[in-house]
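Close look at the chain arrangement
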Protein chains: 2
Amino acid sequence: MKARLSASRERIVAAALEIMAEHGFGGCSIAVVAERASIATGSVYSHFPTKGHLFAEVFRTASQREVDAVSRAAALETTVAERVTAVIETFCGRALQSPRLAYALLAEPVAPAVDAERLVFRRAYAEMIADYVAEGTASGELPQQDPELTATALVGALAEAMVGPLAAGVAGPNTVRDLITFAHRALGVST
Amino acid sequence: MKARLSASRERIVAAALEIMAEHGFGGCSIAVVAERASIATGSVYSHFPTKGHLFAEVFRTASQREVDAVSRAAALETTVAERVTAVIETFCGRALQSPRLAYALLAEPVAPAVDAERLVFRRAYAEMIADYVAEGTASGELPQQDPELTATALVGALAEAMVGPLAAGVAGPNTVRDLITFAHRALGVST
DNA sequence: AAAAGAATTGAACCACCATTCAAATCTTCG
DNA sequence: CGAAGATTTGAATGGTGGTTCAATTCTTTT
């Protein structure tokens, strides 16, 4: 019984995730999500108070997955330079693999309730990077700087550099390599 | 007669600009704009086919103004480093002076038709900066790099670094200074 | 000054979609 | 098995706000 309840809740989220990865948030009406989850539209409201709550959770789930993947990749490395390289390669690699999803998470116009989650998403990246930068300045690998600001700016740089390729459907073969160079220079990695 | 026509067209755009600078695009319904312009709601449609067209033009007008101001400031300088400094100072200074407008242009969720103009807006900045970067690599002031990518990444970095302060209403006193340092490092300006 | 044409008015229309709720179905327990 | 309670159904509701259009007002022309 409880199982059935949480099962259909998960089916709703899963259905919404699929649709959003295919068509973005724009294609996600309650009716469409309910149909994909094989339940009635009204039943969605047994599990979520409003559409905003549902899609906030969907956004959170999808973005957590991304942050985790990037975080895991970075953790395998040791120097700040290597970690930032891993962050960029993973971030860009995944974005180019699932462009519709990446666009939805990074840039698609959405309702304010969902937009708030996007700030959290970007801050999660920024905090991860800020930690590495702080390590680097502490150890002397990097010159003195405000880790928060550097990290925020880097996240912005990555996101912006991806939006074009995501819209166009392709990235130049050197985009990722050049972004890594950009980031290393910006951090002050000694060459 | 013709004068009257284009006069009220301009009044519509001016009214929409005011409202958007005060309340963002969210506060801009056709009815509100028409009222501020002292015309009937229906009359808006004698000048613009749809709401999207109107606000695309409004967005274009506002952003052109910003790009021009930044461009003018940069043109007064000579080295790439100084020009980029001028770009950042002008960009951030104006954004912090008119936070509601800056937020609307940079980050506010909007209809897709208007969103398309945002890409143009950001590209205009990126192209300006790309020209300077190309100059710099040609003259040897900067190391070899892809000017387009560097410029795009810098625009993203600036925008992202401003969103927080715009939402909070204030920027740390060192934000602009640190952003300039970030940009100079990223470009490879020799210290 | 009057007729023809253009522009303006603003209330009504309509499409869209989130949200609701009474009826039907299913689950649990005496 | 049958009653009580919980869940699901999906058609109906409602709010929002862009868009339309017949009636009106203004401008131009003769």
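All of the points below concern the structure found in this document.

So, how was this worked out
Throughout this document, residue positions are counted from 1 along each chain, in the order its sequence is written. Numbering of ligands from 1 and lettering of chains from A proceed in the order in which they are written. Given that this is a predicted model, residues contribute local features only at a pLDDT of at least 70 and side-chain atom pairs are listed and counted only at 80 or more, while totals for whole chains, interfaces and linings are drawn from all residues. Based on all heavy atoms of the structure, the side-chain values leave hydrogens and waters out of the count. Each helix corresponds to a stretch of at least 4 residues labelled H or I by DSSP, and each strand to a stretch of at least 2 residues labelled E; elements are numbered beginning at the N terminus. Residue contacts follow a heavy-atom distance rule, with two residues in contact if any of their heavy atoms lie within 4.5 Å. For the purpose of counting charges, residues Lys and Arg are taken to be positive, whereas Asp and Glu are taken to be negative. His and the chain ends are not included. The location of each charge is read from NZ of Lys, CZ of Arg, CG of Asp or CD of Glu. Any Phe, Tyr or Trp ring, taking Trp's six-membered ring, that has another such ring centre within 6.5 Å forms a pair; planes under 30 degrees apart are called stacked, those over 60 apart edge-to-face, and the others tilted. Burial classes follow relative accessibility: with a 1.4 Å probe on protein chains only, a residue under 20% of its type's maximum area counts as buried, one over 50% as exposed, and anything between as partly exposed. What gets called buried area is simply the loss in accessible area from a 1.4 Å probe that two parts show on being joined, summed for both. Within this document, salt bridges are pairs made up of a side-chain nitrogen of Lys or Arg and a carboxyl oxygen of Asp or Glu, the two lying within 4 Å of each other. Polar contact is defined as a pair of N or O atoms within 3.5 Å, subject to the rule that within protein one atom must be able to donate a hydrogen and the other to accept it, and that residues adjacent in sequence are counted only when both atoms are side-chain atoms. Under the scheme applied, nonpolar residues are Ala, Val, Leu, Ile, Met, Phe, Trp, Tyr, Cys and Pro; charged residues are Asp, Glu, Lys and Arg; polar residues are all the others, including Gly.

1. Section: the overall build of chain A
Scanning chain A for helices and strands turns up eight helices and zero strands. Reading the secondary structure of chain A in the N-to-C direction produces α-α-α-α-α-α-α-α. Structurally, chain A occupies a C-alpha span of about 60 × 35 × 30 Å along its principal axes. Taking all contacts inside chain A whose residues are at least 6 apart in sequence as the whole, residues at least 24 apart take part in 67%. Computing the positive centroid from 17 side-chain charges and the negative centroid from 21, chain A places the two 8 Å apart.

2. Side note on the packing of aromatic side chains
In this structure the tally under the stated criterion is 11 aromatic pairs over all chains. Plain terms: the ring middles of phenylalanine 91 of chain B and tyrosine 125 of chain B are 5.4 Å apart, the flat faces sit at 85 degrees to each other, and that makes the pair edge-to-face. A residue pair is termed long-range when its members are at least 10 positions apart, and phenylalanine 91 of chain B in helix α4 (residues 80-97) and tyrosine 125 of chain B in helix α6 (residues 112-139) qualify at 34 residues. When sorted by exposure, phenylalanine 91 of chain B lands in the same class as tyrosine 125 of chain B, which is buried. Put simply, the rings of Phe25, Phe55, Phe59, Phe91, Phe121 and Tyr125 of chain A pair up and form one aromatic cluster.

3. Points about the interface of chain B and chain A
Chain B puts 29 residues into the contact, and the matching count from chain A is 30 residues. Summed over both sides, the interface of chain B with chain A buries roughly 2,100 Å², with 67% coming from carbon and sulfur. For chain B, the biggest contributors to the area lost against chain A are Glu160, Phe182 and Arg185 of chain B; these three give 31% of the whole. Notably, a salt bridge pairs arginine 122 of chain B with glutamate 160 of chain A, separated by 2.3 Å at the nearest N-O pair. For the interface between chain B and chain A, the tally reads four residue pairs in polar contact (both at pLDDT 80 or more). Within the residue set of the side of chain B that touches chain A, elements represented by two or more residues are α6, α7 (147-168) and α8 (175-187) of chain B. The element best represented in the side of chain B that touches chain A is α7 of chain B, accounting for 11 residues. Tallied by class, residues from the side of chain B that touches chain A come to 16 nonpolar, seven polar and six charged.

4. Some points on unusual backbone geometry
Located in the positive-phi region is serine 38 of chain A, a residue other than glycine, with phi close to 60 degrees. Summarising the element assignment, serine 38 of chain A is placed in the loop between α2 (30-36) and α3 (51-75).

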